[in-house]
Amino acid sequence: MCNSSAVSVNDFQENIVNAAIFIIFCQDIKVDIFYCWELSLHSFKDEFRNVSWSGETGIVNPTEVKMSQIVMPCHSNHRQELSVGQLLKWIDSTACLSAERHAACPCVTASMDDIHFEHTISVGQVVNIKAKVNRAFNTSLEVGIQVSCEDLFSDRHWRVCHAYATFVTQRSNTGEKVTLKAILPQSQKEQVEYSLAAERRRVRMVHDDIIKDLLSNGSIQQADSSTVDDAMAAERTRVESVELVLPPHTNHQVNTFGGQIMAWMVNVATIAASRLCQAHPTLRTIDMFTFRGPSQIGDRLLLRAIVNNAFKNSIEVGVRAEAYQEEGPNRHINSAFMIFEVLDNHGKLCTLPRIRPEPLEGERRFQEAIARKKIRLDRKYIISCKQTEVPLSVPWDPRNQVYLSYNNVSALKMLAARKKWRLSSEKDKVHLYTLEQKLVLSFRVEAEVDVPAHRAFCLLAELSNRPSWDTHYQKCELIHRVDADDFLYRVVTPSGEGILQDFILLASKRRPCGSGDPYVIALRSVSLPTHPPTEEYNRGEVLCAGFTILETKNNMSLISYYNQASPEVLPYISNDIAGLSSSFYHTFCSCSQYLTRNRLQSTSEEQTCQYQATDTEGPMCANEADRLLVALCSTKL
């Protein structure tokens, strides 16, 4: 490729297509040749850009799969917009190809995380889908999917949605589990996604049970469903439809194609929503799809949908899919919750009629829909809250605890993954780095200590001991133990104004999920109604702070402390950054001495650490959902 004059683009493209067809025939793979040819043509332009004519090649993730489809009338609905069901088919197909490219064996869809559709896609426009594996665990892997739209006439591009799908490998012919090889991130963005995949997996494991436990504990205020006189009976929105699974509906493993099941579910949900609003609704959000079992050719799929609740501008529809044969009981295949909106001719949200649920089961679905809406709003606020907004502290309560913990850890991991850190000062192998990002200044203090990583993690995770080595911590008291990995603390620090400051901090600790992963102790401010600000203290706020601890050679640890310098923190480090002081050095030396003094642990401490240790890729992972669930149930502030 160094001599570009010898090879034309057309010849290069033709060779690629011919080679692909030849390989497919040789391996006797049952794939539509013309579909592969179309896919190669669509993706060739993007792939060709990764080739440098100077002889260097761009970094391409080996699991990355791209699909481009032009939206035809047969793919559209009555508004000449791409059907969401058809889009889900393409998304699932692309993600599956990516998963199997890494696994080198058949994979099936286990779940699809929440999807929010930002824009619709019209006939004649092009859908571009890109999928790649973010992380592989023992027998499952997470695939990240990005969907964008392209207008061929104006050359405009915009994002439509993004999603995360979980796939699991099928057993080999001998019945043995297929163990997946690890993913090696090749860029900063991939490293962040790799690290956060473990956090998303943690949230995913408790997704189905959070609503039930919040309602049973009274954390969600119950709504009176009988107060609306002119409400429509929910029973009038009920839809039932049966589909016979035929060969065109199955994948290359002769199971019903997951994307096809999702498309059928969208169809009945849309009918149910239309019966309530008596208009054509727009599907805006889908809560997690969870596949509970397979379906094969010859199965009858019974699809049920009903409106669970109607809010001012949105409708939640519950959908359930069951499979059955001519004989035998129904098998629960999938469930999902879909959020619809209705837009007027000017694109404005319409006010929707209310719903009157049926007794018992209908009332339960009505209340659960309220809880799901609250959690969606909480999660949206937590994840989208900008770091320059005031107040920075998000209210903590049981219903948002899982997402606050996720956001806490993910923010620190994303900060640590930044590449533009600048070395500001160094003393005796203790380094101070800074990172400027618009209105936020972050710093990192880093040094290697002669203490095993797991021991350093146990010592630093006990935040109550920090006043013994950090002069900036005058007092640190444990307010509440949320679960084994999340704690709420009140910290008191000195202030240059002569009055003490206090912080309410959420501390989230995580152990490595695999080789090369660091231990993480993440800190961020939250607010508690039981601990409001007082006149005796200035209430401070921490944007993002914490430790990462990475095991190095000779049983040593590389310890990094991060802090995004809010106005309350900046006065303590401004002299250090300017080179006028070395207080960071003395504090870190004090930390190192504390770790060294306590390097050896007693037998009881060692057993405690080993008991608390959780390997998310090992057997303990199966019990993590139960452990988090117990913590949620016992949480009362």
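Cut-offs and rules
Residues numbered from 1 in each chain as written. Predicted model: local features only at pLDDT ≥ 70, side-chain atom pairs only at ≥ 80, totals over all residues. Heavy atoms only, no water. Phe/Tyr/Trp six-rings, centres within 6.5 Å; stacked < 30°, edge-to-face > 60°. Lys NZ or Arg CZ within 6 Å of the ring centre and 35° of its normal. pLDDT = per-residue confidence, 0-100. Contact = heavy atoms within 4.5 Å. Salt bridge = Lys/Arg side-chain N within 4 Å of Asp/Glu carboxyl O. Helix = DSSP H or I, 4+ residues; strand = E, 2+ residues; numbered from the N terminus. Buried < 20%, exposed > 50% of the residue type's maximum accessible area, 1.4 Å probe, protein only. Polar contact = N/O pair within 3.5 Å; in protein donor to acceptor, adjacent residues only side chain to side chain. Expected span 1.5 Å × (residues − 1). Core = buried A, V, L, I, M, F, W, Y, C linked by side-chain atoms within 4.5 Å. Axes fitted to C-alpha atoms, helices over the stretch in contact; angles between N-to-C directions. Parallel < 35°, antiparallel > 145°, perpendicular 65-115°, else oblique. Left-handed = near helix turned anticlockwise from the far one by under 90°. Nonpolar A, V, L, I, M, F, W, Y, C, P; charged D, E, K, R; others polar. Pairing = 2+ DSSP bridges.

Draft legend 1. Structural detail: the packing of aromatic side chains. The full count for this structure, using the stated rule, is 7 aromatic pairs. Put simply, the rings of F443, W469, F547, Y561 and Y594 pair up and form one aromatic cluster. Directly above the aromatic system of F137 lies the positively charged group of R201, at a separation of 4.1 Å from the ring centroid. In this structure, R444 is placed above the aromatic ring of W421, and the distance from its NZ or CZ to the ring centre is 5.3 Å.

Draft legend 2. Spotlight on the confidence of the model for the protein. With 76% of its residues at a pLDDT of 70 or more, the protein shows a mean pLDDT of 79. In this model residues 384–391 is a low-confidence stretch, pLDDT under 50, and it forms 8 contacts with partners more than four residues away in sequence or in other chains.

Draft legend 3. Spotlight on the pattern of salt bridges. Following the criterion strictly, the structure yields 32 salt bridges and no others. Between E368 and R364 there is a salt bridge, with its nearest N and O atoms 3.1 Å apart. In this pair, E368 and R364 both sit in helix α7 (residues 361–384), 4 residues apart, roughly one turn of the helix. Residue classification places E368 among the buried residues on the basis of a relative accessible area of 13%.

Draft legend 4. Examining unusual backbone geometry more closely. One non-glycine residue with positive phi stands out, namely Q278, at about 55°. With a relative accessible area of 67%, Q278 lands in the exposed category. Residue K429 is not a glycine yet carries a positive backbone phi of 65°. What makes K429 exposed here is its relative accessible area of 66%.

Draft legend 5. Main features of the side chain of R510. Relative to the helices and strands, R510 resides in strand β21 (residues 501–510). On the basis of relative accessible area, R510 is assigned to the buried category, the value being 6%. One polar contact links R510 to S405, side chain to side chain, over a distance of 2.5 Å.

Draft legend 6. Seen up close, the side chain of S335. Of note, S335 is situated in strand β13 (residues 331–341). The exposure class assigned to S335 is buried, which follows from its relative accessible area of 18%. Residues within four places of S335 in sequence aside, it is in contact with M265, M288, F289, T290, R292, V319 and R320.

Draft legend 7. Main features of the environment of I504. With respect to the helices, strands and loops of the structure, I504 is situated in strand β21. For the pair I504 and H531, spaced 27 residues apart in the sequence, the C-alpha separation amounts to 8.0 Å. Excluding anything up to four places from it in sequence, I504 contacts I479, Y489, R490, R524, S525, V526, L528, H531 and R539.

Draft legend 8. Broad picture of helix α6 (residues 258–277). Look at α6: 29 Å from first C-alpha to last across 20 residues, which is about the 28 Å you get at 1.5 Å a residue. In terms of burial, α6 is largely enclosed, as 15 of its 20 residues are buried. Looking one or two places after α6, you find Q278, whose phi comes out positive at around 55°.

Draft legend 9. Looking closely at the nonpolar core. Core analysis: the largest hydrophobic core is formed by 79 residues, its most contacted members being I145, V317 and M338. The greatest single-element share of this core, amounting to 11 residues, is contributed by α6. If we skip the residues at most four places from it in the chain, M338 touches M265, V266, A269, L283, T285, I286, F289, I315, E316, V317 and V319.

Draft legend 10. Up close: the packing of helix α3 (residues 84–103) against α6. Taken N-terminus to C-terminus, the directions of α3 and α6 make an angle of 165°; their axes are 8 Å apart at the nearest point. As summarised for this structure, α3 and α6 are arranged roughly antiparallel, according to the angle between their axes. Between α3 and α6 lies a crossing of right-handed hand. Between α3 and α6, the contacting residues are V84, G85, L88, K89 and D92 on the first element and G258, G259, Q260, M262, A263 and V266 on the second. Its residues placed into classes, the contact of α3 with α6 shows 5 nonpolar, 4 polar and 2 charged.

Draft legend 11. Quick peek at the pairing of β13. Across the 11 residues that make up β13, a large majority, 8, are buried. Sheet topology places strand β9 (residues 282–286) next to β13; 4 bridges connect them, and they run antiparallel. Each residue of the ladder has a partner; that of T285, found in β13, is I339. By the bridge criterion, 2 bridges tie strand β10 (residues 289–291) to β13 in an arrangement that is antiparallel. Across the sheet, the residue bridging to T290 is S335, located in β13.

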